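Structural characterization, general
One letter stands for each residue in the lines below.
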Amino acid sequence: MSQDSGNDGRAVIGLHGWFGSAAAWQPLAAHLENSQFGYHFMDFRGYGSRAGASGRFTIAEAAADVLEFADELGLERFCLLGHSMGGSVMQRVYADAPERVRAMFGISPVPASGIPFDDATWELFRSAADSADVRRQIIDFTTGGRLEPRQLDAMVEHSVRNSEVPAVAAYLEAWASTDFHAEINGSRVPVKVLIGRNDPAVHAELIRSTFGQWYPHFDLIEFADAGHYAAEEVPERTAEVIEEFLRDAAG
């Protein structure tokens, strides 16, 4: 899924989350149609258009795929937009090719140090690969129990339809446990993070203690009426914040 390519350096590559896909960005993309930036949304291996793609399903592998995707599009420089797991991949891309990344925008992004779980939470998340009911429980929890049942059901259905069980299982270990923050600590790339106040998993304290410590040019914004999925919960305002940041950071 992509929009007009934009000029070199004014392109944006969007990286989806654990329960997402390239198509999950559609609510946001609808509000970016008149952008001066060109948006390109790619699938990770095992998701959406890349169902059946074999691999190790690691953060490093996904980052290498992003750079290959950029090469295929003819993009020497670009900005990155990463949601949740995609936020970890976004930072790995920067660590591997800092000269190519103009700016990064994270939506409830996983830090480059991963996210630790207690045993009970780990078992719950691990069971999500095989269970639509558990995926529903996790999405409901990370949006503060505020979604209408119809929207919640649609998000779960999208996740199940657009992901393969082995990929979902492997990527959990990847985004939760991969730690490469020493490689990006002190990086001067412009970074902005959007979180939802109703997300108990990726919250302000976590972001300030990670992104806020690692990136000197960092800014945080919190939406009071969103949870972990701001691009789907409040897509119009999310698009406005992304565009404003990109105009300032990479315009």
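Residues numbered from 1 in each chain as written. Predicted model: local features only at pLDDT ≥ 70, side-chain atom pairs only at ≥ 80, totals over all residues. Heavy atoms only, no water.

1. Observations concerning the overall build of the protein chain
Within the protein chain one finds 12 helices and 6 strands. The C-alpha radius of gyration computed for the protein chain amounts to 16 Å, which stays within 12% of the reference 18 Å derived for 251 residues, consistent with globular compactness. Across its three principal axes, the protein chain shows a C-alpha extent of roughly 45 × 40 × 35 Å. Going through the 251 residues of the protein chain one by one, you find that 55% of them count as buried. By sequence separation, contacts in the protein chain at least 24 residues apart represent 78% of the contacts at least 6 residues apart. About 10400 Å² of surface is accessible on the protein chain, with carbon and sulfur atoms providing 45% of the total. Across the protein chain, the mean location of the 20 positive side-chain charges is 3 Å away from that of the 37 negative side-chain charges. (Helix = DSSP H or I, 4+ residues; strand = E, 2+ residues; numbered from the N terminus. Rg over C-alpha atoms; globule rule 2.2 N^0.38 Å. Buried < 20%, exposed > 50% of the residue type's maximum accessible area, 1.4 Å probe, protein only. Contact = heavy atoms within 4.5 Å. Areas by Shrake-Rupley, 256 points an atom, 1.4 Å probe, with all protein chains shown as cover. Lys, Arg positive; Asp, Glu negative; His and termini not counted. Charge placed at Lys NZ, Arg CZ, Asp CG, Glu CD.)

2. Looking at helix H6 (residues 149–161)
With 13 residues, H6 should reach 18 Å at 1.5 Å per residue; the first-to-last C-alpha distance of 18 Å fits that figure. Of the positions making up H6, those classed as buried are Leu152, Met155, Val156, His158 and Ser159. Taken around the axis of H6, the buried residues stretch over an arc of 160 degrees, which confines them to a single face. Opposite the buried face of H6, by more than 90 degrees, sit the exposed residues Arg150, Glu157 and Arg161. Elements in contact with the buried residues of H6: helix H5 (132–142) and helix H11 (230–233). (Expected span 1.5 Å × (residues − 1). Arc of directions from axis to C-beta.)

3. Re the pattern of salt bridges
Side chains that differ in charge, positive against negative, can pair when their charged atoms come close. Applying the stated criterion across every chain, the model contains 13 salt bridges. As a salt-bridge pair, Arg45 and Asp65 come within 2.7 Å of each other at their nearest N and O atoms. Taken together, the residues span a long stretch of sequence, with Arg45 in the loop between strand E2 (38–42) and helix H2 (59–73) and Asp65 in helix H2 at a distance of 20 residues. Exposure class is identical for Arg45 and Asp65. Each is buried. Between Glu157 and Arg161 there is a salt bridge, and its shortest N-O distance comes to 3.4 Å. Residue Glu157 and its partner Arg161 are located together in helix H6, separated by 4 residues, close to a single helical turn. Residue classification places Arg161 among the exposed residues on the basis of a relative accessible area of 55%. Look at the salt bridges and you will find they share partners, linking Arg45, Arg50, Arg56, Glu61 and Asp65 into a network. (Salt bridge = Lys/Arg side-chain N within 4 Å of Asp/Glu carboxyl O.)

Bear in mind that shape data such as this cannot, by itself, settle questions of function.
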